[in-house]
2 protein chains.
Amino acid sequence: MSEHDKNTRHLARMQRKKAVVDTKIESAKISKGLLLIHTGIGKGKSTAAFGLLARALGHGMQAVVVQFIKGRSDTGEEAFFKNAANLQWHVMGDGFTWETQNAENDLASARKAWDLVQACLQDETVNLLILDEFTYALKYGWLSIDEVVAALKNRPPMQHVVITGRAAPQALIDVADTVSEVNLLKHAFQAGVQAMPGVEW
Amino acid sequence: MSEHDKNTRHLARMQRKKAVVDTKIESAKISKGLLLIHTGIGKGKSTAAFGLLARALGHGMQAVVVQFIKGRSDTGEEAFFKNAANLQWHVMGDGFTWETQNAENDLASARKAWDLVQACLQDETVNLLILDEFTYALKYGWLSIDEVVAALKNRPPMQHVVITGRAAPQALIDVADTVSEVNLLKHAFQAGVQAMPGVEW
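Residues numbered from 1 in each chain as written. Chains lettered and ligands numbered in written order. Predicted model: local features only at pLDDT ≥ 70, side-chain atom pairs only at ≥ 80, totals over all residues. Heavy atoms only, no water.

The subject of this paragraph is the pattern of salt bridges. By the definition in use, this model includes 14 salt bridges over all chains. For the salt bridge of K6(A) with E3(A), the shortest nitrogen-to-oxygen distance reads 3.5 Å. On the criterion of helical spacing, the pair formed by K6(A) and E3(A) is a turn pair, its members being 3 residues apart in helix α1 (residues 3-27). For K6(A), a relative accessible area of 41% corresponds to the partly exposed category. Several salt bridges share partner residues, and in doing so they unite K18(A), D22(A) and E99(B) into one network. (Salt bridge = Lys/Arg side-chain N within 4 Å of Asp/Glu carboxyl O. Helix = DSSP H or I, 4+ residues; strand = E, 2+ residues; numbered from the N terminus. Buried < 20%, exposed > 50% of the residue type's maximum accessible area, 1.4 Å probe, protein only.)

In this section: the packing of aromatic side chains. The geometry of an aromatic ring pair comes down to the distance between the two centres and the angle between the two planes. Inspection of every chain in the model, using the stated rule, returns 17 aromatic pairs over all chains. Aromatic side chains W114(B) and F134(B) sit 6.0 Å apart centroid to centroid with 35° between the ring planes, which places their arrangement in the tilted category. On the criterion of sequence distance, the pair formed by W114(B) in helix α5 (residues 103-120) and F134(B) in the loop between β4 (128-132) and α6 (135-139) is long-range, its members being 20 residues apart. On the accessibility criterion, F134(B) (0% relative accessible area) is buried. Feature note: the residues F50(A), F80(A), F81(A), W89(A), F50(B), F80(B), F81(B) and W89(B) constitute an aromatic cluster, connected by ring pairs. (Phe/Tyr/Trp six-rings, centres within 6.5 Å; stacked < 30°, edge-to-face > 60°.)

So, on to the relation of the copies chain B and chain A. Copies of the same chain, two in number, are related to each other by a rotation about an axis and a translation along it. The two copies are related by a screw motion: chain B maps onto chain A through a turn of 180° and a shift of 0.0 Å along the axis, at an RMSD of 0.0 Å. When the rotation and shift are considered jointly, the pair of chain copies conforms to a two-fold rotation axis. When the interface residues of chain B are mapped onto chain A, 100% of them are again interface residues, pointing to one common binding face. (Least-squares fit on C-alpha atoms with pLDDT ≥ 70 in both. Contact = heavy atoms within 4.5 Å.)

Turning to the interface of chain B and chain A, a few remarks are in order. Opposite the 81 residues of chain B that make contact, chain A presents 81 residues. When chain B packs against chain A, close to 6700 Å² is buried across both sides, 63% of that on carbon and sulfur atoms. Taken together, the links from chain B to chain A amount to 4 salt bridges. Taking the shortest distance from any N to any O, the salt bridge between E77(B) and R55(A) comes out at 2.9 Å. Inspection of the region where chain B meets chain A yields 40 residue pairs in polar contact (both at pLDDT 80 or more). Secondary-structure elements contributing two or more residues to the side of chain B that touches chain A are α1 (3-27), β1 (35-39), α2 (45-58), α3 (76-81), α4 (97-100), α5, α8 (170-175) and β6 (178-186) of chain B. (Buried area = accessible area lost by both parts, 1.4 Å probe. Polar contact = N/O pair within 3.5 Å; in protein donor to acceptor, adjacent residues only side chain to side chain.)

Along the chain, Q118(B) turns up in helix α5. Q118(B) sits 77 residues away from A195(B) along the chain, and the two C-alpha atoms are 33 Å apart.

Here we take up the nonpolar core. L53(A), F81(A), L87(A), L53(B), F81(B) and L87(B) are the most contacted members of the largest nonpolar core, which has 48 residues in total. In this structure, L53(B) is in contact with A63(B), V65(B), F81(B), L87(B), W89(B), L128(B) and I130(B), ignoring residues within four places of it in sequence. (Core = buried A, V, L, I, M, F, W, Y, C linked by side-chain atoms within 4.5 Å.)

A separate point is the side chain of T97(A). Positionally, T97(A) belongs in helix α4 (residues 97-100). On the accessibility criterion, T97(A) (3% relative accessible area) is buried. Each residue touching T97(A), except ones within four places of it in the same chain, is listed here: D106(A), Y140(A), W142(A), H10(B) and M14(B).

The subject of this paragraph is the domain arrangement of chain A. The domain architecture assigned to chain A consists of domain 1 (1-30) and domain 2 (32-191). On a C-alpha basis, the centres of domain 1 of chain A and domain 2 of chain A stand 39 Å from each other. (Domains from an automatic or database assignment.)

What follows concerns unusual backbone geometry. Of note, Q101(A) is a non-glycine position whose phi angle comes to about 55°, a positive value. Counting through the fold element by element, Q101(A) comes out in the loop between α4 and α5 (103-120). Among the residues examined, Q101(A) registers a relative accessible area of 17% and is labelled buried. Of note in the backbone geometry, E133(B) takes a positive phi value of approximately 60° without being a glycine. Residue position: E133(B) is located in the loop between β4 and α6. Note on E133(B): relative accessible area 10%, which makes it buried.

A few words now on helix α7 (residues 145-153) of chain A. Residues and elements named next belong to chain A. All of the buried residues in α7 are V148, V149, A151 and L152. Buried residues of α7 fall within an arc of 165° about the axis and therefore sit on the same side. Opposite the packed face of α7, turned more than 90 degrees from it, sit the exposed residues D146 and K153. Next to the buried residues of α7 lie β1 (35-39), α5, α6 (135-139), β5 (160-164) and α8 (170-175). (Arc of directions from axis to C-beta.)

Moving on, we get to the sheet that holds β1(B). Here we have 12 strands laid out as an open sheet, ordered β3(A)-β2(A)-β4(A)-β5(A)-β1(A)-β6(A)-β6(B)-β1(B)-β5(B)-β4(B)-β2(B)-β3(B), and mixed in their pairing. Each edge of the sheet is formed by a strand with only one pairing partner; in this case those strands are β3 (87-91) of chain A together with β3 (87-91) of chain B. With strand direction ignored, the average angle separating the axes of adjacent strands in the sheet is 15°. Bridging between strand β2 (residues 63-67) of chain A and strand β4 (residues 128-132) of chain A involves 5 bridges; their strand directions are parallel. Directly across from V64(A), in β4(A), lies its bridge partner L129(A). (Pairing = 2+ DSSP bridges. Axes fitted to C-alpha atoms, helices over the stretch in contact; angles between N-to-C directions.)

This is the structure we're talking about:
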């Protein structure tokens, strides 16, 4: 096939593809606040939430980050974002359960974080709300899934919410608009690489 | 079981878990530049790269973003990051193949972007290099996988590289340190929701 024929074929194929894509875009007319979930055991759940944060802030939106579980306050993401206008950043966890070793305190921290989240879920000036490592609070039974689902359903209609963490329960997936499951094909840690600053934290 | 017994059990379980985790952390001693890949058809591949970017910039690292394919320059992420110190942001694509409809131009754009990437892969002052939607350049045969793998292998030893895009070829996965495959459980677009600013772009 000559270069000219190849290019003609490519053009025809891409014109057909464009027609398909354009039809799909045309039929997507709903405008609403989305509930996004990043779950699974792979790397990239929290970082995807932080990438959305950058995206939203770039559009001038008002955002709130609430970090469950995570206790450390020296992360690169917090250092980078903390001075951004239109953003509140809350580290509400005390660390992983095997670090705290205290079920009562873990429960109390989760409830305190949830109080804050509930206020955000009733505040229509919050355009994007990120609940980082939130699924653990459900997994450990610190929060009631029914209460969480009800609060999410009753939030302002244009508010976007992103939830990250392993093993999102089905009831949460059912009410979500977009759900990504991040699978682990490989992780440097398995090969003996320590947590590198700028990559893991 | 009384509350006291429950707490005692929890403590014992968490102490055992901490011992396991600590041993794993202790044995991870290697410090190196990582090659991370975010592939699969789900949402969150590029945003995870942008989250890592925030993380790296928060640690004072020097970063370069090269966007293949993507033609638009009005994204939230670019607006947000563009004034960050220590960052260069290059939009090198002309748009999706079905928008450009011109195979020759697509090829020329990919080659031009790759020249820029090769310079970064030889520059040890670049701590983090993001190749956004890069896999398409391999899929369409615009770049040689052997040449790409060789350049990645020969980069500065402490340089982190993140590659995003669907269908990463096996040869790329083989040389990567961390690979996440993002699966799509649900996408708002399928339910008729248009691309929302702050979420999709």
